[in-house]
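Coordinate analysis (summary)
Each chain is listed here by its residues.
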There are 2 protein chains.
Amino acid sequence: MSNTNAPTVKKDGPGRLASVYSELQTSRLNVSLPLPSVLKKTFNVVDGAPSSASGNPEEIKKLFPKLFGQPSARLVECDPKACSMENKSLKIGVVLSGGQAPGGHNVISGIFDYLQERTNGSKLYGFKGGPAGIMKCKYVELSTEYIYPYRNQGGFDMICSGRDKIETPEQFKQAEETAKKLDLDGLVVIGGDDSNTNACLLAENFRSKDMKTRVIGCPKTIDGDLKCKEVPTSFGFDTACKIFSEMIGNVMTDARSTGKYYHFVRLMGRAASHITLECALQTHPNITIIGEEVAAKKQTLKNVTDYITDIICKRSEAGYNYGVILIPEGLIDFIPEVQQLIAELNEILAHDGVDQDGAWKKKLKSQSQELFELFPKAIQEQLLLERDPHGNVQVAKIETEKMLIQMVETELNKMKQKGAYKGQFNGQSHFFGYEGRCGLPTNFDANYCYALGYAAAALLHAGKTGLISSVGNLGEPVEEWTVGGTALTSLMDVERRHGKFKPVIKKAMVELEGIPFKTFASLREDWTIKNLYVSPGPIQFVGPNANDINHTLKLELGPPAQAKLNK
Amino acid sequence: MSNTNAPTVKKDGPGRLASVYSELQTSRLNVSLPLPSVLKKTFNVVDGAPSSASGNPEEIKKLFPKLFGQPSARLVECDPKACSMENKSLKIGVVLSGGQAPGGHNVISGIFDYLQERTNGSKLYGFKGGPAGIMKCKYVELSTEYIYPYRNQGGFDMICSGRDKIETPEQFKQAEETAKKLDLDGLVVIGGDDSNTNACLLAENFRSKDMKTRVIGCPKTIDGDLKCKEVPTSFGFDTACKIFSEMIGNVMTDARSTGKYYHFVRLMGRAASHITLECALQTHPNITIIGEEVAAKKQTLKNVTDYITDIICKRSEAGYNYGVILIPEGLIDFIPEVQQLIAELNEILAHDGVDQDGAWKKKLKSQSQELFELFPKAIQEQLLLERDPHGNVQVAKIETEKMLIQMVETELNKMKQKGAYKGQFNGQSHFFGYEGRCGLPTNFDANYCYALGYAAAALLHAGKTGLISSVGNLGEPVEEWTVGGTALTSLMDVERRHGKFKPVIKKAMVELEGIPFKTFASLREDWTIKNLYVSPGPIQFVGPNANDINHTLKLELGPPAQAKLNK
């Protein structure tokens, strides 16, 4: 378990002092990570069949003339004599793009260790502050000492991240200049759907200019919405969901012990509700709202409120005036009537503004007017006051959990007057987000990320470009994981924006026909009245269940993985 | 480690189904707990010197004529032939009083196991829903099967808790009736300062009526404000602080990675700031507000705001536009001017109410008027609208962290206009409370509680009453812990209420001359600009640091314990 080569580090790079680490942080530093067996042996990178696109292959072909159709790659053990991997030195850059996710540091460690162990005299540059670091050529050369304090640690602070995109011809030019200046053989882009799309555009651009710089992507996002057959999960999802579920489980025990609060827990994840679904599978809340289902059933905010109110009434009749309710951060984005209201509000705010007397409300369509009146006063104010730099309503800032508490309370009061509800309702609100993005990665995320990074470096070593690092067979022990790369163009479709086709990797939403949702749907009725709360407790790094993977992945991997993992 | 007598439990008592436990919960169920060595041997209960009171001994003597002055007791190993503990059967009741704290179930398990192992044919009754359960004689007889699913688990849901008090002559009468009906030899009251005062009044009452029922208290509260020399800590504090610190550490790593947010974290603990202090010692935030210091320095809200603003400016100059700030839940209760404003508001609300135009504000004294105007609008509304059933302002509902964000932002904007601040300020608010009250108890809390319960039963077995279960020498391994009971009257002082002396166990506040605060005060300057964040990570139950105790306790126990624990 112990890394005998651990250097004595007093001061790290940008801000970490290993000397002020907690004992758990320190103990994690020196845990050496298992690798899939193919990465421990001599291997070749073998091509598969040619690929297509997720949709509109003709358009994708036009957008990626050099890369479209390229096969995915697989690492296959080979006899040392048959190995075609050149013994050369590589210059590689790595960049973190977008929001934090536990494990990012291990991707970088994986790249670094590959270069150390499998090549001679290679260099690894970390671009600072995200893609802007590439454009501005702001970087640090990563060394054993520099990387050491970040091994198995949460956060992105080794080189930090950013949300800039390399989009315009000038920006591509800047990236080219950096690649040339540093004589880069390769670049690893660690990011979500947008960043991986960007990585592919960069790869295409470098190839079209006959530059030697190759680009490989890595799937990162706690939201869990970047995944496909070859990339079973994005890193960080496992850790974040386990941290949130620890808190939810604690709140559940508190709810049951106290017997007088309804805890409304909003969970990070704006676009897709994977986090909420996973936390529900881990903890069994009384009520869970899944955005994708709300959208598919075209539910109104009133429908959602009534659904919650109805269960609260039933629970009250059963003697329970407490409970736990999970809500995805992006809930109101999923409700068509709310989207409509916000679109109308944006128009009104942009053109005429609002008056104190409320005469402006007449400009709303009647359905939107009704909906606006339904909102609690505090939310009405948020809708009018909180605007982004473009003057648009900031949906993300709306505290949906507090909004629902107020709306449910109003409904329950009405029912009380009619004698249809006799309970006591006290809502408590929670938002879990920042707490989960930078936790110490679980063993799964630590191992998965290390393998993703090691594989990314191997793919670059083999001269591959435009692939996303792909580690599979995740239901089996690490030794049996498969390793390769998937053509990024094969994950793409196009969207029409400003009259042009733009390539996109579509976000993987919660599929209502998928096994995780169906499992949840088959159980949730039981969870509403019975209190089948599960408290997963804090993430453990040692012990019998320390390597368990999350429910979503387990269910998506299918029965054999489930059986194995349930043992 | 494994409990071979673990019964197969399908359905537990009030709501726990062991079949839906997480794997960690299940693994904790079967961990057998170490006992202090004296509790594993034959012992006698030996009296110490007579005791006095914490203050006003004459008044305490009048209030507790039967119990005042009684000695504390100590368990001492003895030869089996010299043992004076009778072999008899006991009927014992147990009650949980007040807010949840991790470990309560283990106190009950400790009592139960003592009775099973050291007496014959004893019975243990759990009073349901707190002291009300005693008064209404609502109870359940606890059995091996009933208790099993709660072993080492968080929450109070085995028998639940309540906030009622046994105060009036009628209520004492009800308690007597219950004690007689169940033929109780003893009662264990698990609670905070108030509940232990109540326990002593009950003990005095039973004794004065020549009833056989003895009463022993146990120190419970996550707030950590029930402690003295003989009772080094209250249970639950260790777990709650570690859970909060896990979250704070994660938020710190996020702050450093993202580089653009100030996280204002409010922490549960209204009366004393022990939790905030402990979390600061664990995590090294940039700014920590300790209520007791604010009160001692007679600081105003403006002083506190300026203190924060000043550090934010200095950090901005050093290139950091992010940080983490800890705030105790009870902060505004510590600020004299706020107490004054609220007292005036309560008067105005009770008598005249407030008008829309704000003419009512003229009734405030000028200092209070100024302060009111200083508050952000949302807080002004909370002050006027949120009232408790008595019509008083609900200070606890005020989101102090959001209030400070707004006040700091206003100050920074002013400074920006003057050119004195050039940074960007984005506040994010957090409140950690319910997440920590019911977590799986740490090894320390699990062991400590088990010993407290085991000791409480031993004290009752020896015929003791009016003592609080006292387990000491906590810096050493469990085997070396000392076990005894401390006279509750010795912890008491009196307060004058409604013209009468009332006995109180004074809350242990953060002592500005104590070692934990002084340690913090000697380090905090360093933490403001340098980012010496520590991320304690999730509580571990297995591994090298799984038995570590919290910093406050470690520091209060003194250098030898520290040295030992730091190894």
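Residues numbered from 1 in each chain as written. Chains lettered and ligands numbered in written order. Predicted model: local features only at pLDDT ≥ 70, side-chain atom pairs only at ≥ 80, totals over all residues. Heavy atoms only, no water.

Bringing the state of the cysteines into the picture now. Residue and element names in this part refer to chain A. Summed over the entire model, instances satisfying the criterion amount to 0 disulfides over all chains. With no disulfide of its own, Cys241 lies closest to Cys279 among cysteine sulfurs, the gap being 4.7 Å. Given the relative accessible area of 0%, Cys241 is considered buried. Of all cysteine sulfurs in the structure, the one in Cys160 sits closest to Cys438, which takes part in no disulfide; the separation is 9.8 Å. (Disulfide = S-S within 2.5 Å. Buried < 20%, exposed > 50% of the residue type's maximum accessible area, 1.4 Å probe, protein only.)

Now for the packing of aromatic side chains. This model, assessed by the stated rule, comprises 30 aromatic pairs over all chains. Look at Tyr434(A) and Tyr261(B): their rings are 5.6 Å apart centre to centre, the planes differ by 65°, and that puts the pair in the edge-to-face class. One end of the pair, Tyr434(A), is in helix H17 (residues 434–437); the other, Tyr261(B), is in the loop between helix H8 (237–258) and strand E9 (262–267), on a second chain. You'll find Tyr434(A) and Tyr261(B) in the same group, each marked buried. An aromatic cluster is built from Phe43(A), Tyr114(A), Tyr450(A) and Tyr454(A), whose rings are joined through pairwise contacts. In this structure, Arg315(A) is placed above the aromatic ring of Tyr322(A), and the distance from its NZ or CZ to the ring centre is 5.3 Å. (Phe/Tyr/Trp six-rings, centres within 6.5 Å; stacked < 30°, edge-to-face > 60°. Helix = DSSP H or I, 4+ residues; strand = E, 2+ residues; numbered from the N terminus. Lys NZ or Arg CZ within 6 Å of the ring centre and 35° of its normal.)

Now for the relation of the copies chain A and chain B. One copy of the chain maps onto the other through a rotation about an axis plus a displacement along that axis. Mapping chain A onto chain B calls for a rotation angle of 180° and an axial translation of 0.0 Å; the resulting RMSD is 0.0 Å. Here the symmetry operator amounts to a two-fold rotation axis. Closest approach to the rotation axis among the C-alpha atoms of chain A is made by Pro538(A), whose C-alpha sits 2.7 Å away. In this assembly the copies share their binding face: 100% of the residues contributing to the interface of chain A also contribute to that of chain B. (Least-squares fit on C-alpha atoms with pLDDT ≥ 70 in both. Contact = heavy atoms within 4.5 Å.)

This part is about the pattern of salt bridges. Counted by the stated rule, this structure contains 67 salt bridges over all chains. Between Lys173(A) and Glu176(A) there is a salt bridge, and its shortest N-O distance comes to 4.0 Å. Here Glu176(A) and Lys173(A) lie together in helix H7 (residues 169–181), a separation of 3 residues that amounts to about one turn. The class of Lys173(A) is partly exposed, set by a relative accessible area of 43%. Residue Glu176(A) is classed as buried on the basis of its relative accessible area, which comes to 4%. Lys507(B) is the salt-bridge partner of Asp225(B), the closest N and O atoms lying 3.8 Å from each other. (Salt bridge = Lys/Arg side-chain N within 4 Å of Asp/Glu carboxyl O.)

So, on to helix H9 (residues 237–258) of chain A. Residues and elements named next belong to chain A. Taking 1.5 Å per residue as the helical rise, H9 with its 22 residues ought to reach 32 Å, and the 31 Å between its terminal C-alpha atoms agrees with that figure. With 21 of its 22 residues buried, H9 lies for the most part within the structure. Of the residues trailing H9, Gly259 is marked for its positive phi of about 75°. (Expected span 1.5 Å × (residues − 1).)

Let us look at the interface of chain A and chain B. Chain A puts 53 residues into the contact, and the matching count from chain B is 53 residues. A combined buried area of about 4500 Å² lies between chain A and chain B, and 51% of that area is made up of carbon and sulfur atoms. Where chain A meets chain B, there are 6 salt bridges. Across the pair Asp254(B) and Arg437(A) runs a salt bridge whose closest N-O atoms are separated by 2.8 Å. Those elements that place two or more of their residues in the side of chain A that touches chain B are helix H1 (23–29), H9, strand E12 (427–432) and H17 of chain A. Broken down by element, the residue count for the side of chain A that touches chain B peaks at 10 residues, all from H9(A). In terms of residue class, the side of chain A that touches chain B is built from 22 nonpolar, 20 polar and 11 charged. (Buried area = accessible area lost by both parts, 1.4 Å probe. Nonpolar A, V, L, I, M, F, W, Y, C, P; charged D, E, K, R; others polar.)

We now examine the UniProt feature "binding site: diphosphate" (unreviewed entry) in chain A. Mapped onto this numbering, the UniProt entry gives "binding site: diphosphate" (unreviewed entry) at Gly99(A). Contact partners of Gly99(A), with chain neighbours within four places excluded, come to Phe156(A), Arg163(A), Lys220(A) and Arg437(A). (UniProt positions renumbered as here; feature names shortened; annotations may be inferred.)

Inspection of the secondary structure assignment puts Thr233(A) in the loop between strand E8 (214–219) and H9. For Thr233(A), the contacting residues outside a window of four places in its chain are Pro219(A), Leu226(A), Lys227(A), Phe444(A), Tyr448(A), Leu474(A) and Leu553(A).

All names here are of chain B. Pairing is parallel in the open sheet, where 4 strands are placed in the order E10-E11-E9-E12. Across the chains shown, the open sheet's two edge strands, defined by having one partner strand only, are strand E10 (287–288) and strand E12 (427–432). Here E9 pairs with strand E11 (residues 323–328) via 6 bridges, running parallel. Within E11, the residue paired with Leu267 across the bridge is Pro328. Each of E9, E11 and E12 is contacted by H8, which is oriented at about 150° to E11, the strand it contacts most. The strands touched by helix H9 (residues 274–283) are E9, E10 and E11; relative to E11, the strand with the most contacts, the crossing angle is about 155°. (Pairing = 2+ DSSP bridges. Axes fitted to C-alpha atoms, helices over the stretch in contact; angles between N-to-C directions.)

Here we come to the domain arrangement of chain A. Residue and element names in this part refer to chain A. Split into domains, chain A comes out as domain 1 (34–191 + 198–236 + 441–466 + 479–505) and domain 2 (240–438 + 513–539 + 548–557). Across the boundary between the two partners, domain 1 contributes 17 residues, which contact 17 residues of domain 2. Across the domain 1/domain 2 interface, buried area totals approximately 1300 Å², and carbon plus sulfur atoms make up 62% of it. Where domain 1 meets domain 2, there are 1 salt bridge. Between Glu556 and Lys227 there is a salt bridge, with its nearest N and O atoms 3.0 Å apart. Taken together, the links from domain 1 to domain 2 amount to 3 residue pairs in polar contact (both at pLDDT 80 or more). Grouping the amino acids of the side of domain 1 that touches domain 2 by side-chain chemistry returns 5 nonpolar, 8 polar and 4 charged. (Domains from an automatic or database assignment. Polar contact = N/O pair within 3.5 Å; in protein donor to acceptor, adjacent residues only side chain to side chain.)

On to unusual backbone geometry, then. Notably, Cys160(A) is not glycine yet its phi reads approximately 60°, a positive angle. Relative to the assigned elements, Cys160(A) resides in the loop between helix H6 (144–147) and strand E6 (161–162). Positive phi, close to 60°, is recorded for Asn473(B), a residue that is not glycine. Looking at the element boundaries, Asn473(B) is found in the loop between strand E13 (467–472) and strand E14 (482–487).

All names here are of chain A. Read from one edge to the other, the open sheet built from 4 strands follows the order E10-E11-E9-E12, with strand pairing classed as parallel. For this open sheet the edge positions go to strand E10 (287–288) and E12, each flanked by a neighbour on one side alone. On the sheet, helix H16 (residues 400–417) packs against strand E9 (262–267), strand E11 (323–328) and E12 and is oriented at approximately 160° with respect to E12.

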